[in-house]
Amino acid sequence: MLSRKQLQRYSRQIMLPQIGEAGQEKLSNARVLMVGLGGLGSPAALYLAAAGVGELHLVDGDKVEISNLQRQVLYKTNHREKDKAQVAAQQLTAANPEIRLHAHCRMADEGWLTDLFSQQSFDLVLDCTDNLDIRHSINRVCRAHKIPVVMASVRGFSGQLVSFDFRTQASPCYACLFPPAVEASDLPEAENCSTVGVIGPALGMMGSAQALEAIKFLVGLPVSSLNRLQLFEAASLEWRALSLAENSTCPVCG
Ligand SMILES: [Zn+2]
């Protein structure tokens, strides 16, 4: 049962037939892990907290730098040199004191993720990192623990979004699409926002899209990025979608 306060706070989404009180209860009962609290994680976390996702775990090992503020909208100038996960938890608590927040001030390596998932169940993971090794770790660990994942990335003006539901037997995975070995040799070393640049609102679009897909997953609505690579071009404002199939030569699930 939703409280009076919850009915009031979430009234504008509860009045949507796609959500309603039943959908809001699902959001309130959900536990979500967010890896990366930068340009994607900032808007995604703000929207999920505002929507009343009951428990958010925030993972980031970085501290706030002045060069982050062009796109990482959770942080203010006076947060410089503070732990991102800690500041993010404070900001999100201020936005919505009704939800539970857990800050993990560390990088999400494979061993740590495996331990965490063995201790607690999660309904969904959002991959908001710009690190390919961590993305592949998230892919493997979420697949092993049958946890759905929403992944996004942005380079320059181009965004990508894709989701996998590892609760289903025949789900493809991120490595079907981008096998780790190919990716490593195709890209120059450590290519990310710090080396190639990125336009802030493109991250805002993709992070917001991750929050949308997360809400759909949690409420039980159809997820448009499920097994579909959604590509966004900020220059032309155009979206394209490519359907994915399981890849029998995939090093992770083939
Ligand atoms: Zn695969």
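Per an unreviewed UniProt entry, the recorded name for the protein chain is HesA/MoeB/ThiF family protein, and the organism is Microbulbifer elongatus.

Student: Residue-level account of the overall build of the protein chain, with values.
Tutor: Counting its secondary structure elements, the protein chain contains 11 helices and 8 strands. For 254 residues, the compact-globule formula gives about 18 Å, and the C-alpha radius of gyration of the protein chain, at 17 Å, lands near that figure. Along the longest, intermediate and shortest principal axes, the C-alpha atoms of the protein chain span 55 × 45 × 40 Å. Taken across its 254 residues, the protein chain has 49% of its residues classed as buried. Relative to all contacts within the protein chain whose residues are 6 or more apart in sequence, the contacts with residues 24 or more apart total 66%. Summed over its atoms, the accessible surface of the protein chain is roughly 12,100 Å², and 52% of this surface lies on carbon and sulfur atoms. Taken as two groups, the 23 positive and 25 negative side-chain charges of the protein chain have centres that lie 8 Å from each other.

Student: Can you break down the environment of Asp115 residue by residue, with the values?
Tutor: Assignment of secondary structure puts Asp115 in helix α6 (residues 110-119). Among the residues examined, Asp115 registers a relative accessible area of 45% and is labelled partly exposed. In the structure, Asp115 is positioned 26 residues away from Val141 in sequence and 10.0 Å away in space, judged by C-alpha atoms.

Student: I'd like a rundown of the coordination of the zinc ion, residues and numbers included.
Tutor: Looking at the metal site, the zinc ion is ligated by Cys173 (SG), Cys176 (SG), Cys250 (SG) and Cys253 (SG), spaced 2.3 Å from it. Coordination at the zinc ion is tetrahedral, judged from the 4 donor atoms that bind it and the angles of 92 to 124° they form at the metal. For the zinc ion, the donor residues sit on a single chain with the sequence spacing C-x2-C-x73-C-x2-C. Accessibility assignment for this pair places Cys173 and Cys176 in one class, buried.

Student: Describe the pattern of salt bridges, with residues and values.
Tutor: Charged atoms that come close allow side chains of opposite charge to pair. Under the definition given, this model contains 9 salt bridges. A salt bridge links Asp83 to Lys63, with the nearest nitrogen and oxygen atoms 3.0 Å apart. With Asp83 in the loop between β2 (55-59) and α5 (84-95) and Lys63 in the loop between β2 and α5, this residue pair connects regions lying 20 residues apart in the sequence. For Lys63, a relative accessible area of 44% corresponds to the partly exposed category. Here Lys216 ties to Glu213 by a salt bridge, and the two come within 2.7 Å at their closest N and O atoms. Placement of the pair is Lys216 and Glu213 together in helix α11 (residues 200-219), with a separation of 3 residues, close to one helical turn. Residue class for Lys216 comes out buried when judged on its relative accessible area of 19%. Look at the salt bridges and you will find they share partners, linking Arg31, Glu55 and Arg100 into a network.

Student: An account of the pairing of strand β8 (residues 238-243) is needed here, citing residue identities and associated values.
Tutor: The buried fraction of β8 is low, at 0 of 6 residues. One ladder, built from 6 bridges, connects strand β7 (residues 228-233) with β8; its direction is antiparallel. Across the sheet, the residue bridging to Leu229 is Leu242, located in β8. Hairpin connection between β7 and β8: a loop of 4 residues separates the two successive antiparallel strands, and Leu237 in this loop has a positive phi of roughly 60°.

What counts, and where the lines are drawn
Residues numbered from 1 in each chain as written. Predicted model: local features only at pLDDT ≥ 70, side-chain atom pairs only at ≥ 80, totals over all residues. Heavy atoms only, no water. Helix = DSSP H or I, 4+ residues; strand = E, 2+ residues; numbered from the N terminus. Rg over C-alpha atoms; globule rule 2.2 N^0.38 Å. Buried < 20%, exposed > 50% of the residue type's maximum accessible area, 1.4 Å probe, protein only. Contact = heavy atoms within 4.5 Å. Areas by Shrake-Rupley, 256 points an atom, 1.4 Å probe, with all protein chains shown as cover. Lys, Arg positive; Asp, Glu negative; His and termini not counted. Charge placed at Lys NZ, Arg CZ, Asp CG, Glu CD. Donors = N, O, S within 2.8 Å, 3.2 Å for Na, K, Ca; no water. Tetrahedral: all angles 85-135°; square planar, octahedral: opposite > 155°, others 65-115°. Salt bridge = Lys/Arg side-chain N within 4 Å of Asp/Glu carboxyl O. Pairing = 2+ DSSP bridges.

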